[in-house]
There are 4 protein chains.
Amino acid sequence: MDFQHSAKAQDYIQRVRAFIRDEIEPIEEDYLRELHSRENKWVVLPIIEELKAKAKAAGLWNLFFPNEEHGVGLSNLEYAPLAELTGRSFIAPEVFNCNAPDTGNMEVLEKYGTPEQQEQWLKPLMAGEIRSAFCMTEPGVASSDATNMQATAMVEGDEIVLNGRKWWSTGIGHPNCKVGIFMGLTNPDAPRHQQHSMVLFPMDAPGVTIERMLPVFGHYDEPYGHGEIRFDNVRVPAGNMIAGPGRGFEIAQGRLGPGRIHHCMRLIGMAEKALELMCIRASERTAFRKPLVNLGGNRDIIANARMNIEQARLLVLKAAWMIDKVGAAGAMSEISQIKVIAPNMAQEIIDAAMQIHGGGGLSDDFPLAAMFAGARALRLADGPDEVHRGLIAKIEMIKYKAHMAHD
Amino acid sequence: MDFQHSAKAQDYIQRVRAFIRDEIEPIEEDYLRELHSRENKWVVLPIIEELKAKAKAAGLWNLFFPNEEHGVGLSNLEYAPLAELTGRSFIAPEVFNCNAPDTGNMEVLEKYGTPEQQEQWLKPLMAGEIRSAFCMTEPGVASSDATNMQATAMVEGDEIVLNGRKWWSTGIGHPNCKVGIFMGLTNPDAPRHQQHSMVLFPMDAPGVTIERMLPVFGHYDEPYGHGEIRFDNVRVPAGNMIAGPGRGFEIAQGRLGPGRIHHCMRLIGMAEKALELMCIRASERTAFRKPLVNLGGNRDIIANARMNIEQARLLVLKAAWMIDKVGAAGAMSEISQIKVIAPNMAQEIIDAAMQIHGGGGLSDDFPLAAMFAGARALRLADGPDEVHRGLIAKIEMIKYKAHMAHD
Amino acid sequence: MDFQHSAKAQDYIQRVRAFIRDEIEPIEEDYLRELHSRENKWVVLPIIEELKAKAKAAGLWNLFFPNEEHGVGLSNLEYAPLAELTGRSFIAPEVFNCNAPDTGNMEVLEKYGTPEQQEQWLKPLMAGEIRSAFCMTEPGVASSDATNMQATAMVEGDEIVLNGRKWWSTGIGHPNCKVGIFMGLTNPDAPRHQQHSMVLFPMDAPGVTIERMLPVFGHYDEPYGHGEIRFDNVRVPAGNMIAGPGRGFEIAQGRLGPGRIHHCMRLIGMAEKALELMCIRASERTAFRKPLVNLGGNRDIIANARMNIEQARLLVLKAAWMIDKVGAAGAMSEISQIKVIAPNMAQEIIDAAMQIHGGGGLSDDFPLAAMFAGARALRLADGPDEVHRGLIAKIEMIKYKAHMAHD
Amino acid sequence: MDFQHSAKAQDYIQRVRAFIRDEIEPIEEDYLRELHSRENKWVVLPIIEELKAKAKAAGLWNLFFPNEEHGVGLSNLEYAPLAELTGRSFIAPEVFNCNAPDTGNMEVLEKYGTPEQQEQWLKPLMAGEIRSAFCMTEPGVASSDATNMQATAMVEGDEIVLNGRKWWSTGIGHPNCKVGIFMGLTNPDAPRHQQHSMVLFPMDAPGVTIERMLPVFGHYDEPYGHGEIRFDNVRVPAGNMIAGPGRGFEIAQGRLGPGRIHHCMRLIGMAEKALELMCIRASERTAFRKPLVNLGGNRDIIANARMNIEQARLLVLKAAWMIDKVGAAGAMSEISQIKVIAPNMAQEIIDAAMQIHGGGGLSDDFPLAAMFAGARALRLADGPDEVHRGLIAKIEMIKYKAHMAHD
């Protein structure tokens, strides 16, 4: 057992930290102000492409890919501290071509895609030339139970016909979003977890309509955004099916393992950032003739934040290590654990940071409100807390099967 | 001891409930959709004035005023259940002319205003013809310690000169907002709580500049809003001073007692509304072949919400009763208690309701995100939780003075 | 609505408070030391009988009885503040003949007892000459579901035969405990809530064996105690049946309403006592050159305790008022609510008080450890938190029946 | 970074686990029943010495010593999982000669002891022939601030004279307890952290009086126990001073680092045991026709327990690793973090396990009540939560010195 990052990881940590410090932090506030001043916020400002080019040139590109062919060959465990660093910024993930949902989509295409699919979609995604969406959640049903999904992906000859309505499709607002993965019902008569398929669709396919973009606590997260899409008889070639009919859940399971980890890593960074802002504000502001940090229970809040971050980070690293060692399937409990822990931990610390910032903390003068929205949303995205707790308990109870009374 | 509302209160409860059910609920969703579709949201849509007229005609007007001359003569205790009912809606408070900060401002003018001030400002406020703002919090200092305030209200001959910067001035965005109460430093050499004064200023006075409107979790609360205002040598007649120089804190204390109670009453209603939405959603949606309410700990969440609402409501009612019996000064601990309890309770229940709504709960499809922003903001407005907890402990410890070791 | 106690209640509050202050508090510590120094702690020390005589002479006797025939005619609402006062002391409840489970048993006998049962058992209980037990919980099954009970009370001619094993029968260790109420299965074929009966049995009946006394966190609560009893073909006359065969649940429901309230009232008093001890210790002790109360988050802990006590007390009073107005059946949710809230609130405050007392708080130098055990046990006794939360949610959901999806 | 234990650690884990499973678990319940049935519980039953001999023969002895000379040469990180295993049992720590406070005392003697002190005390301690105590906490002052200590250790010629009163001296009740370490004031005029010294004293020295043993929630933890000791002019040779006058705090700091870690490791094991008992009970018992585990929020409780244990364990391992790498001084924040996290986590899980056990959980039929007492006590022993939180915050704030406003 060893808590020190590998030499390779340490090297990347230093480089990513330096890049963020030198290239991103100095411009992020201006970038956000500029973006938010625009009438149309669904744009890519030039600075983003410049930064992407610089990152690519510096070899800080596709860091999340665990193999050397596509990425830099970092394990999930090695990537974790980098994802954490990018979680401190709203734009860093894209700058390093490591943002959701593209990362997950790229992994799916790399693992399950045909050569044609890889050529058409994976290559430009890896080059950062296009972006993608993932369409799973539906407005009409409790999508926490994914088998509830009612949208259909019916094979008709050499075409697949998509119908239905999806929402919370992240990234759909981005002007470069060119492709999406649609998950839908292909065979309602198959066993419960073999009814659904994943199908690639071009964003400009006839019948695809973005009905509206959805706010999260009033934040639209431009230019990525979360959208509601209608699919009306959208016809795509049969070759757009990923892996094969009925394999949707199998792919989703593999996709969501690392994907959830990435979110959680970034949440650790977000929580660190919130704690940092909290400590600075608590030092600078005075009330009743004392810096806020010396008032009431504020030091307890800081200590609790530190403890909760440390614990959550270690659990995320452990989960990443397990995915590396035994795969996502063998790390199911750990993945669910961090999926519950990380956003709740982050939400609580951000809330405390807001409180110490007073009214300012609620406004957009600080990144806290947007961070809160992000953390809060991740208590639902990729499975709500409740489903993950249920899974953790289920796995725990396997040990006690012999004791179980009959229902 | 008796937990039944007075006959008079019961009568008003029935009438206000019926009015909200028959006149407000049927149109509120449409109203909000219409407002949010506008380019300029800082407007009063005609339906609001219509509803105000109906409410006035029905005798449901200025309900908060505890005397019969200005209102309908309900005590704070009797007004509480009515404020709770209005807390279920975003527009009901204005419809009954019972919305903050006008209520507090009207009470100040009624209690401390000169006949001229009352004629000029109280009368149109009571008639619902104009609206008002209250300018206390400042961006540059921790306003949780009100003695930190640095804006100045200097008497120069027969004029008062206002300078400084205020923010989180609620209601400033309303097109009818015509007057504000400015709290500023008049005499820096006086004892700590006698340095500040309250001064009336017309919104259109030269030197008053609304620099910007502030979002709370991305919500601007149009058409009321919260603004940042700059005062540059704003000159108003000496007759605009309320009560007299140095009496700012004295008035603020009296103003905030009932004001805090009103907020808390409305939060109870908001929490009830959130619980209602939670129970409905948990009944209607199914996952894993069961209604959500029958899954996991959801029933515990509902039970806890019910218990916390009941407790908070009783504490708010008790605090209202104490203000009626012994005045705000004698109810200081109780007022601070509900000021801590009510928004925290509401925030937690709204958060739980969002969770059961899934992604939808985060969007504007439901009122939950806006309610969350409102409840969260009230953990800071009118004094942050921390200050109120400190005050409660201070009052508690008075009993133990004789035991206190020397510091 | 009125938060002031009735004149009658106020008079009793003053008298009970004075009695406790003048007669009980001065001797309680000595009494406990004396008792705990005894080899055999299952004794009634003379001071107890002296105090009982004084209380009876002062008219402070059977205060819990809501009618004038048997008690002093205080409503549940009026009795609440008195029970709260007695909750501050381990012996006060018995001194005023108001201790569990005798109070509940007396109420059962008064309401459902035959004249013979009343003559034989109610009269000496009311006189404080004997004590009683209530035997419901069983070691072999989850008694949170009372229909699980397996002990039997079979009618055989003019006798009833009791068999089975009960535990957590409180008061069974008391030397004056002469009678118990046994709840057992009489008719396994009846509908689920009409299978059980309540039967009176003399403690010295052949076949009744106290197997052992049970500690709660190491406390045996002498001389009352909680015992495990074996019933081997215990034969009692058919006249010992209360109300009639199969009416056990009906009686239990009525019995437990006020009984739960009494426990909760006492817990409020216990919490107040703990807060008092906490404030005194936090004032007297210094660390890092400051009284503990001025360190870290200690004032927040005190403020939170004050708020939670206030809220819980009001909810208990409201529940008592509802029992008075509409009966226990109409106050089911409120009774369950306080049954959850009061012990959890008390446990948390006592735990915090222990923490401020340091090591001493864990020992028997302070009453805190015993109080903790008492509060903790009440999260299980008379129904665990979980069952009560379930009931609260069930009642809440009745309003939403129309919305419920099919399971 | 690697989350797999070293081969050496894995080997010991297997052997310790097997020893506990084969030798200790089968007899522990009988042992405790036998001990508790004794009139005098302050005895060493023969089985203990037998087990010690077996453990020693198996090479499972003094596992905690980080060097090969005295122990088996396991690092703190490697010892952690072994300590965790011993934490599942009340007797395992002594069986492996790894119990507090002997471990800490042995480390002090090894690091700071003179050859004479080592010969006289360390050798028999390491052989498990004698046991020891550590006397620091005092009843008269808040010992959370160790500089409050008032007992004196005055050097008079070639003797040291000990005076004062200590309590919560653990192990003092053990019949083999032969020596103690006394911490007392030697030079009141020295700087604050150089006034105290550590001095060895034989338990049978004239003037040493064990006044009483102290219960923790009614548990005396026989035969170890926690005692209150009076020192009246206890004279020991000057050679009993450890390290030198005024070095008490320096030694304490080093002693408490690993000592705190050991406690926390055992708490992890205790929490695992509680979770195990909880899952078994929740499987076996049924209510409302379902196993308890399928009722209400019980699965959430299990999931939360699993997550909190995992997180706490990782933090303890990280702290152990840091002590190994940079020493206790460099791991101050991490040590304080686990000292707060571990007992609170364990207390909460044990409390939840009790709840699922119903009444039985409160009694001595299960180890839960004793475990609760142990975990609760560790929120105070070796520094209360509050002091550790304060230290964590202090270390955190060092980064923000430049931002600090003047007080």
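Residues numbered from 1 in each chain as written. Chains lettered and ligands numbered in written order. Predicted model: local features only at pLDDT ≥ 70, side-chain atom pairs only at ≥ 80, totals over all residues.

A look at the overall build of chain A
Thinking step 1. On a plain count of helices and strands, chain A comes out with twelve helices and ten strands.
Thinking step 2. Computed over its C-alpha atoms, the radius of gyration of chain A comes to 22 Å, within 12% of the 22 Å expected for a compact globule of 407 residues.
Thinking step 3. Each principal axis of the C-alpha distribution contributes one length, and for chain A these read about 75 × 60 × 45 Å.
Thinking step 4. In chain A, which comprises 407 residues, the share counted as buried stands at 60%. (Helix = DSSP H or I, 4+ residues; strand = E, 2+ residues; numbered from the N terminus. Rg over C-alpha atoms; globule rule 2.2 N^0.38 Å. Buried ≥ 20, exposed ≤ 12 C-beta atoms within 10 Å, placed from the backbone.)

Here's the deal with the relation of the copies chain C and chain B
Thinking step 1. Superposing chain C onto chain B takes a rotation of 180 degrees plus a shift of 0.0 Å along the axis, which leaves an RMSD of 0.0 Å. Expressed as an axis order, the relation between the two copies is that of a two-fold axis.
Thinking step 2. Residue by residue, 100% of the interface of chain C is reproduced at the interface of chain B, so both copies engage with the same surface. (Least-squares fit on C-alpha atoms with pLDDT ≥ 70 in both. Contact = placed C-beta atoms within 7 Å.)

Things to note about the environment of B:A7
Thinking step 1. For B:A7, the location among the structural elements is in helix α1 (residues 7–37).
Thinking step 2. Sequence separation between B:A7 and B:E78 is 71 residues, and the spatial gap between their C-alpha atoms is 9.6 Å.

Quick word on the interface of chain D and chain A
Thinking step 1. Between chain D and chain A, the residue contacts involve 44 residues of the former and 44 residues of the latter.
Thinking step 2. Per-element tally for the side of chain D that touches chain A: the top contributor is helix α8 (residues 298–330) of chain D, with 14 residues.
Thinking step 3. The class makeup of the residues in the side of chain D that touches chain A is 23 nonpolar, ten polar and eleven charged. (Nonpolar A, V, L, I, M, F, W, Y, C, P; charged D, E, K, R; others polar.)

Regarding the UniProt feature "domain: Acyl-CoA dehydrogenase/oxidase N-terminal" (unreviewed entry) in chain A
Thinking step 1. The positions UniProt marks with the feature "domain: Acyl-CoA dehydrogenase/oxidase N-terminal" (unreviewed entry) are residues 10–129 of chain A.
Thinking step 2. Regarding residues 10–129 of chain A, the helix share stands at 65% and the strand share at 0%, and the terminal C-alpha atoms are separated by 29 Å. (UniProt positions renumbered as here; feature names shortened; annotations may be inferred.)

A word on the interface of chain C and chain B
Thinking step 1. If you look at the interface, chain C gives 44 residues, while chain B gives 44 residues.
Thinking step 2. Counting only elements with at least two residues in the side of chain C that touches chain B, the list comes to α7 (248–284), β10 (290–291), α8 (298–330), α9 (332–357) and α12 (385–397) of chain C.
Thinking step 3. Considering every element that reaches the side of chain C that touches chain B, the biggest residue donor is α8(C), with 14 residues.

Digging into the packing of helix α7 (residues 248–284) of chain D against helix α9 (residues 332–357) of chain D
All names here are of chain D.
Thinking step 1. Packing of α7 against α9 brings their axes to within 8 Å, and their N-to-C directions diverge by 20 degrees. Considering their axes alone, α7 and α9 lie roughly parallel with respect to each other. Note on packing geometry: the crossing formed by α7 with α9 is left-handed.
Thinking step 2. Here the contact of α7 with α9 is built from residues that sort into 22 nonpolar, two polar and three charged. (Axes fitted to C-alpha atoms, helices over the stretch in contact; angles between N-to-C directions. Parallel < 35°, antiparallel > 145°, perpendicular 65-115°, else oblique. Left-handed = near helix turned anticlockwise from the far one by under 90°.)

So, the domain arrangement of chain A
Residues and elements named next belong to chain A.
Thinking step 1. Split by domain assignment, chain A resolves into domain 1 (7–126), domain 2 (131–246) and domain 3 (249–403).
Thinking step 2. A straight line from the C-alpha centre of domain 1 to that of domain 2 covers 24 Å.
Thinking step 3. Between domain 1 and domain 2, the contact holds 18 residues from the first and 18 residues from the second.
Thinking step 4. Of all the elements in the fold, those that place two or more residues in the side of domain 1 that touches domain 2 are α5 (102–112) and α6 (115–126).
Thinking step 5. With five residues, α5 is the single largest residue contributor to the side of domain 1 that touches domain 2.
Thinking step 6. Residue composition of the side of domain 1 that touches domain 2, by class: ten nonpolar, five polar and three charged. (Domains from an automatic or database assignment.)

What about helix α3 (residues 76–86) of chain D?
Residue and element names in this part refer to chain D.
Thinking step 1. Counting buried residues along α3, eleven of its eleven residues qualify, which places the element largely inside the surrounding structure.
Thinking step 2. Buried residues of α3: N76, L77, E78, Y79, A80, P81, L82, A83, E84, L85 and T86, and no others.
Thinking step 3. Next to the buried residues of α3 lie α1 (7–37), α4 (92–95), α7 and α8.

Considering the packing of α8(C) against α9(C)
All names here are of chain C.
Thinking step 1. α9 packs onto α8 with a crossing angle of 155 degrees between their chain directions and a minimal axis gap of 9 Å. Classified by the angle between their axes, α8 and α9 sit roughly antiparallel to one another. Taken as a pair, α8 and α9 cross one another with a handedness that is left-handed.
Thinking step 2. For the contact of α8 with α9, a count of residues per class yields 19 nonpolar, three polar and two charged.

So, the environment of C:I48
Residues and elements named next belong to chain C.
Thinking step 1. As for its placement among the helices and strands, I48 is situated in helix α2 (residues 46–57).
Thinking step 2. As a C-alpha pair, I48 and N62 span 14 residues in sequence and 16 Å in three-dimensional space.
Thinking step 3. Not counting the four nearest positions on each side in its chain, I48 is found in contact with I91 and E94.

Brief notes about unusual backbone geometry
Thinking step 1. Between B:E222 and B:P223 the backbone carries a cis peptide bond, its omega angle lying at 0 degrees.
Thinking step 2. Examined against the element boundaries, B:P223 turns out to sit in the loop between β6 (208–213) and β7 (226–237).
Thinking step 3. A cis amide bond links D:A100 with the next residue in sequence, D:P101, at an omega value of 0 degrees.
Thinking step 4. Relative to the helices and strands, D:P101 is located in the loop between α4 and α5 (102–112).
Thinking step 5. Located in the positive-phi region is A:R289, a residue other than glycine, with phi close to 70 degrees.
Thinking step 6. Looking at the secondary structure, you find A:R289 in the loop between β9 (286–287) and β10 (290–291).
Thinking step 7. Residue class for A:R289 comes out partly exposed when judged on the 13 C-beta atoms lying within 10 Å of it.

Some remarks on the pairing of strand β7 (residues 226–237) of chain A
All names here are of chain A.
Thinking step 1. By the bridge criterion, nine bridges tie strand β3 (residues 159–170) to β7 in an arrangement that is antiparallel. Bridge assignment links I160 to a residue of β7, and that residue is V236.
Thinking step 2. As paired elements, strand β6 (residues 208–213) and β7 share five bridges and run antiparallel to each other. Bridge pairing in β7 links M213 to G227. (Pairing = 2+ DSSP bridges.)

Quick look at the confidence of the model for chain A
Thinking step 1. In the predicted model, chain A carries a mean pLDDT of 96, and the fraction of residues at 70 or more is 100%.
Thinking step 2. Taken over the whole predicted complex, pTM reads 0.97, whereas the ipTM for its chain interfaces reads 0.96. (pLDDT = per-residue confidence, 0-100.)

Notes on the pairing of strand β2 (residues 152–156) of chain B
Residue and element names in this part refer to chain B.
Thinking step 1. By the bridge criterion, five bridges tie β2 to strand β3 (residues 159–170) in an arrangement that is antiparallel. When the bridges of β3 are listed, A153 appears paired with L162.
Thinking step 2. Two successive antiparallel strands, β2 and β3, enclose a turn made up of two residues, where G157 displays a positive phi of approximately 60 degrees.

Comments concerning helix α8 (residues 298–330) of chain A
Thinking step 1. Taking 1.5 Å as the rise per residue, α8(A) with 33 residues should run 48 Å; its terminal C-alpha atoms sit only 40 Å apart, a clear shortfall.
Thinking step 2. Extensive coverage of α8(A) is indicated by the burial of 27 of its 33 residues. (Expected span 1.5 Å × (residues − 1).)

Digging into the environment of A:H196
Thinking step 1. Within the secondary structure layout, A:H196 lies in strand β5 (residues 196–202).
Thinking step 2. In this structure A:H196 touches A:M149, A:M183, A:G184, A:L185, A:T186, A:G248 and A:F249, once residues within four positions along its chain are discounted.

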